[in-house]
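Residue-level listing of the chains:
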Amino acid sequence: MNANFIMSHDVTTIIGLEVHVQLKTKTKLFCGCSAEFGASPNTQVCPVCLGLPGALPVMNEQAIELAICAGLAINCSIPELTKWDRKQYFYPDLPKGYQISQFDLPICADGYLEITDPANPDATRHIGIIRAHLEEDAGKSMHDEVAGKSDTRIDLNRCGTPLLEIVSQPDLRSSAEVKEYLTQLKLILTHLGISDCEMQEGSLRVDANVNLHINVDGKKVATPIVEVKNMNSFRAVERAIEFEVERQAIDWQADGLTINDKPKTTRGWDDSKERTFIQREKEESADYRYFPDPDLLPVRIPREQVEEIRKSMRELPNVTCDRLQSQHGLKQYDANVIVNQGPQLVAYFERVADVSGDAKRSSSWVQQDVMRTLKERDMVIDEFPVTSVQLGELLKLVSDAKLDNARARDVFNYLLDKESTVEEAIKSLGIEQVDSSEIDTLCQELLDANPNVVDDVRGGKVQAVGSLIGQAKKKNPNANPQQVRETLLRLIGE
């Protein structure tokens with residue numbers, strides 16, 4: 001009923017996102033405790049992040065620099081003055097009873113992201129960004145989600161870790177656009193080293209504000225806004241939005257309530273039941289009783305500092321993608337695949353391409369052999385046993401027809417497991433170039449033993465020589481398949 005209703009009415013989905021990103025600092029936002037994930041519960045805490053009486057916060061300057069870097073990357077303006085505010089609310093994993101955040105003077109404002117339109121890959125969508133502000137994270141409550149009977153445990157290690165909350169305009173119109181926006185945002189933040197964006201560790205969390213605009217007799221009717229909180233996978237965000245669109249359409253048909261009749265509500269997402277559930281009516285900003293934090297001075301950001309950070313920033317992913325196409329002649333798809341793996345893999349590929357002098361072959365090997373091995377061995381490119389220079393030297397031999405692909409893969413696999421140079425690996429594997437006269441002799445023997453293949457080729461079935469190439473490799477593993485093929489066809493034609 002709801003799907004038919006949406007299809008038969010002029011309904012527009014309105015979505016705005018609040019993305020919480022944990023910044024990649026060694027220590028927390030206002031104390032020297034480690035911000036690393038995975039330590040034993042409640043072992044990375046101190047009087048400051050626990051909010052004990054008399055403890056005073058000291059600002060982490062690296063968090064300021066990373067926030068400015070993120071702001072510049074998403075086209076925000078960076079004000080000359082920002083400040084800290086206390087956001088008052090009670091929750092068991094927030095021992096201070098307030099969160100240090102930024103209310104009216106965020107560190108970044110008025111930005112945007114251009115995303116590919118999922119409905120038309122040749123077009124882009126301009127998604128406005130209202131602000132990006134710094135704040136400290138709360139602790140983590142671990143509930144008995146299944147039975148609901150056990151005690152709730154609280155881990156305060158996360159208290160005080162630095163977050164950047166990036167708030168978009170309500171410019172997104174579908175779950176597919178949301179996925180594209182989040183994908184591009186995550187790529188930028190990881191590419192620039194601002195955050196690792198490990199969603200399973202909670203370092204990227206998403207709140208989605210969703211409602212519908214329904215055209216009724218030429219007038220726009222807006223359904224009540226719902227905020228779906230703390231989703232930690234792109235798939236969960238997509239499914240929660242799709243569920244909300246259908247639920248709000250059904251509710252509006254039943255009760256006709258609009259945004260003027262019902263306050264904003266907060267809902268959670270139950271992944272196992274694939275549905276949202278009501279949590280509470282949403283507080284307004286006045287309910288948080290914001291006021292300037294008396295323990296922290298406002299922060300002045302000199303223009304010189306902003307420009308220094310801008311100059312030190314890595315190339316943005318979209319710029320790298322364009323450069324790989326123009327400089328190395330890659331297709332857009334191949335450039336995207338490499339860029340999406342991060343700047344370290346981009347650097348690896350470019351070094352391979354430089355040494356081999358063959359960018360397209362380098363791209364193919366990096367996407368297939370290197371990336372497959374990284375996944376199989378669960379390692380990152382910095383740990384990869386075959387260096388970019390070694391792979392470049394190996395591929396140069398292939399490009400120069402001194403080694404075929406099959407033998408090159410033998411060398412590659414040898415280098416994966418043994419410390420060796422390319423030259424030593426080739427020698428150890430007994431690989432040597434085969435003289436053309438040996439190839440001639442080998443091919444003639446094969447043709448003499450397979451007259452039917454000769455007849456087939458002369459009859460127009462050129463592909464028949466394929467069976468002889470395999471036989472040639474068995475007789476001499478060093479025989480170059482391409483050279484064998486060319487020789488077979490030449491001898492048949494003589």
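Okay, so let's go over this structure.

Per the secondary structure count, the protein includes 17 helices and 16 strands. Over its C-alpha atoms, taken along the principal directions, the protein stretches across nearly 90 × 60 × 50 Å. Surface accessibility of the protein: about 25,200 Å² in total, with carbon and sulfur atoms responsible for 48%. Positive and negative charge centroids in the protein, built from 57 and 78 side chains respectively, lie 1 Å apart.

Helix-helix packing: each pair is described by the crossing angle between the helix axes and the interaxial distance. Orientation of helix α7 (residues 317-328) relative to helix α9 (residues 343-356), taken along the N-to-C sense of each, is 5°, at an axis distance of 13 Å. With respect to each other, α7 and α9 are oriented roughly parallel. For the pair α7 and α9, contact is made by Thr320, Arg323, Leu324, Gln327 and His328 and by Val346, Phe349, Glu350, Ala353 and Asp354, respectively. Looking at the contact of α7 with α9, its residues break down into four nonpolar, three polar and three charged.

To continue, consider the pairing of strand β1 (residues 11-22). Across the twelve residues of β1, eleven count as buried, placing the element largely inside the fold. When β1 meets strand β10 (residues 204-216), the two strands line up antiparallel, connected through eleven bridges. In the sheet register, valine 11 faces β10, and the bridge partner there is isoleucine 214. Bridging between β1 and strand β9 (residues 162-168) involves five bridges; their strand directions are antiparallel.

A few words on empty space enclosed by the protein. Enumeration according to the criterion identifies one cavity of 30 Å³ or more in this entry. Of the volumes computed, that of the largest cavity is approximately 40 Å³. Taken together, Cys49, Leu94, Pro95, Lys96, Glu136, Asp137, Cys159 and Gly160 make up the lining of the largest cavity. Partitioning the lining of the largest cavity into residue classes produces four nonpolar, one polar and three charged.

The next point concerns helix α12 (residues 405-417). Compared with the 18 Å implied by 1.5 Å per residue over 13 residues, the 19 Å span of α12 between its first and last C-alpha is a close match. Summarising the contacts, the buried residues of α12 are in contact with α10 (359-377), α11 (388-399), α13 (422-428) and α16 (466-475). At the N-terminal end of α12, a side-chain oxygen is found 2.9 Å from the backbone nitrogen of alanine 406, two or three residues along, and the residue is aspartate 404.

So, on to the layout of surface pockets. Taken as a whole, the second largest pocket spans an internal volume of roughly 1,100 Å³. As for the second largest pocket, its lining consists of 30 residues, and the residues nearest its centre are Thr190, Glu198, Gln341, Gly342 and Val380. Of all the elements in the fold, those that place two or more residues in the lining of the second largest pocket are α4 (175-191), α9 and α10. In terms of residues, the lining of the second largest pocket owes the most to one element, α4, which gives five residues. Here the lining of the second largest pocket is composed, by residue class, of twelve nonpolar, ten polar and eight charged.

To continue, consider the sheet that holds strand β3 (residues 85-88). In spatial order, the strands read β4-β3-β15; together these three strands make up an open sheet with antiparallel pairing. Of all strands in the sheet, those bounded by a partner on one side alone are β4 (98-101) and β15 (291-292). Strand direction decides the pairing type here: β3 and β15, joined by two bridges, are antiparallel. In the sheet register, aspartate 85 faces β15, and the bridge partner there is proline 292.

Right, let's get into the packing of aromatic side chains. In the structure shown here, the tally under the stated rule is seven aromatic pairs. Note on tyrosine 288 and tyrosine 290: the rings are 6.1 Å apart at their centroids and 70° apart in plane angle, and the pair reads as edge-to-face. According to the relative accessible area criterion, tyrosine 290 is partly exposed, its value standing at 23%. A connected cluster of aromatic rings, assembled from ring pairs, spans Tyr89, Phe103, Tyr288 and Tyr290. The residue whose ring lies beneath lysine 87 is tyrosine 288, and the NZ or CZ to ring-centre distance is 4.5 Å.

With that settled, consider helix α17 (residues 481-493). Its 13 residues place the ends of α17 18 Å apart at the C-alpha level, agreeing with the 18 Å of an ideal helix rising 1.5 Å per residue. Three or more residues of α17 are buried, namely Val484, Thr487, Leu488, Leu491 and Ile492. Along the axis of α17, the buried residues cluster in a sector spanning 130°; they form a single face. Where α17 is buried, its residues meet α14 (436-449), α15 (451-458) and α16. In this structure asparagine 480 caps α17, since a side-chain oxygen of it lies 2.9 Å from the backbone nitrogen of glutamine 482.

Thresholds applied
Residues numbered from 1 in each chain as written. Predicted model: local features only at pLDDT ≥ 70, side-chain atom pairs only at ≥ 80, totals over all residues. Heavy atoms only, no water. Helix = DSSP H or I, 4+ residues; strand = E, 2+ residues; numbered from the N terminus. Areas by Shrake-Rupley, 256 points an atom, 1.4 Å probe, with all protein chains shown as cover. Lys, Arg positive; Asp, Glu negative; His and termini not counted. Charge placed at Lys NZ, Arg CZ, Asp CG, Glu CD. Axes fitted to C-alpha atoms, helices over the stretch in contact; angles between N-to-C directions. Parallel < 35°, antiparallel > 145°, perpendicular 65-115°, else oblique. Contact = heavy atoms within 4.5 Å. Nonpolar A, V, L, I, M, F, W, Y, C, P; charged D, E, K, R; others polar. Buried < 20%, exposed > 50% of the residue type's maximum accessible area, 1.4 Å probe, protein only. Pairing = 2+ DSSP bridges. 1 Å grid on protein atoms, 1.4 Å probe; cavity = no way out; pocket = protein on both sides within 12 Å on 5 of 7 lines; lining within 4 Å. Points joined across faces, edges and corners; volume = space filled by probe spheres on them. Expected span 1.5 Å × (residues − 1). Polar contact = N/O pair within 3.5 Å; in protein donor to acceptor, adjacent residues only side chain to side chain. Phe/Tyr/Trp six-rings, centres within 6.5 Å; stacked < 30°, edge-to-face > 60°. Lys NZ or Arg CZ within 6 Å of the ring centre and 35° of its normal. Arc of directions from axis to C-beta.

Any functional reading would require information beyond the geometric quantities listed.
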